[in-house]
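Residues per chain are reported as follows:
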Amino acid sequence: MSWKTKPSGTMKVPTRSEPYCTAQMIARWQSTTLPKYATTHGALMPILHDVQHTYRHVPYQAMIEIANFLKIAPSDVLDTVSFYEEYTLEPMGKCIIGVCHTFACEVCGHQAILDRVRQRLGIEPHETTEDGAFTLLTMECLGSCDTAPVALFNDVLHEKLTVAKVDQLIDEVLAQKSQSTSHT
Ligand code: FES
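Residues numbered from 1 in each chain as written. Predicted model: local features only at pLDDT ≥ 70, side-chain atom pairs only at ≥ 80, totals over all residues.

Colleague: Describe the pairing of strand 1 (residues 95-100), with residues and values.
Modeller: Along strand 1, five of the six residues are buried, which leaves the element largely enclosed by surrounding structure. Relative to strand 3 (residues 134-139), strand 1 runs parallel, the two sharing six bridges. Among the inter-strand pairings, Ile 96 is bridged to a residue of strand 3, identified as Thr 135. Of the pairings in the sheet, the one linking strand 1 to strand 4 (residues 151-153) comprises three bridges and is antiparallel in character. Across the sheet, the residue bridging to Ile 97 is Phe 153, located in strand 4. (Buried ≥ 20, exposed ≤ 12 C-beta atoms within 10 Å, placed from the backbone. Helix = DSSP H or I, 4+ residues; strand = E, 2+ residues; numbered from the N terminus. Pairing = 2+ DSSP bridges.)

The following block contains the structure:
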């Protein structure tokens, strides 16, 4: 057997001329984020959160920029991004639907909820619609077992969900999307 090595050390990182970490972000991190932490490593997660929130993912170029800013190894940034589910390498949808699939929700009909979202949006769990409007996720217990089945639409928890309620929530997001499109 022979070992095959992956040339990750020489991998080409997709780049753009404009930095992801803007001057405003750097100024904010310097004035409000760094002073809260004893070490620069400590500030990594909130900074990643900021980048994820801004771009809906953490691009490789941004990881290098963050590493340069914090004076840490880019591999430390990549390790953190790949370890935590809240950071993603691919852009997430503007509306992230997280359907709980743990025991109480499973027993109380999470499958019908999940199937309805799949059917309405034409995506499977961990996929994003082509227009970038929705990402569908399945999630572990959201801590609201007594009101199962539940799902998050972005950060808002919806309890005792029904298929009709799912339709209503998706319709609301679509209506907001078409409103914002008509204003641009
Ligand atoms: S199992 Fe779904 S909230 Fe606990």
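From this point on, the discussion continues.
Colleague: Before we move on, could you go through the pairing of strand 3 and cite the residues and values that matter?
Modeller: Look at any regular strand and the pattern is simple: side chains alternate between the two faces of the sheet. As judged from the two bridges shared by strand 2 (residues 127-128) and strand 3, these two strands associate in the antiparallel manner. Bridge pairing in strand 3 links Glu 127 to Leu 136.

Colleague: Describe the packing of helix 2 (residues 44-55) against helix 4 (residues 74-83), listing the residues and the values that go with them.
Modeller: Look at helix 2 against helix 4: their axes get within 11 Å of each other, and the N-to-C directions meet at 65°. Judged by the inter-axis angle, helix 2 sits roughly perpendicular to helix 4. Handedness of the helix 2/helix 4 crossing: right-handed. Note on element contacts: helix 4 touches helix 2 through Val 77, Thr 80 and Val 81, opposite Leu 44, Met 45 and Leu 48. (Axes fitted to C-alpha atoms, helices over the stretch in contact; angles between N-to-C directions. Parallel < 35°, antiparallel > 145°, perpendicular 65-115°, else oblique. Left-handed = near helix turned anticlockwise from the far one by under 90°. Contact = placed C-beta atoms within 7 Å.)

Colleague: Requested: an account of the sheet that holds strand 5 (residues 156-158), with residues and values cited.
Modeller: With mixed pairing, five strands are arranged side by side in an open sheet as 2-3-1-4-5. The sheet is open, and its two edges are formed by strand 2 and strand 5, each paired on a single side. In the sheet, strand 4 pairs with strand 5 via three bridges, with the strands oriented antiparallel. Each bridged residue has a counterpart across the sheet, and for Ala 151 the counterpart in strand 5 is His 158. Packed onto the sheet, helix 6 (residues 110-121) meets strand 1, strand 3 and strand 4 and runs at close to 155° relative to strand 1.

Colleague: Give a detailed account of the environment of Tyr 84, specifying residues and quantitative values.
Modeller: In this structure, Tyr 84 sits in the loop between helix 4 and strand 1. Here Tyr 84 falls in the partly exposed class, since 13 other C-beta atoms lie within 10 Å of it. In sequence terms Tyr 84 and Pro 14 are 70 residues apart; their C-alpha atoms lie 22 Å from each other.

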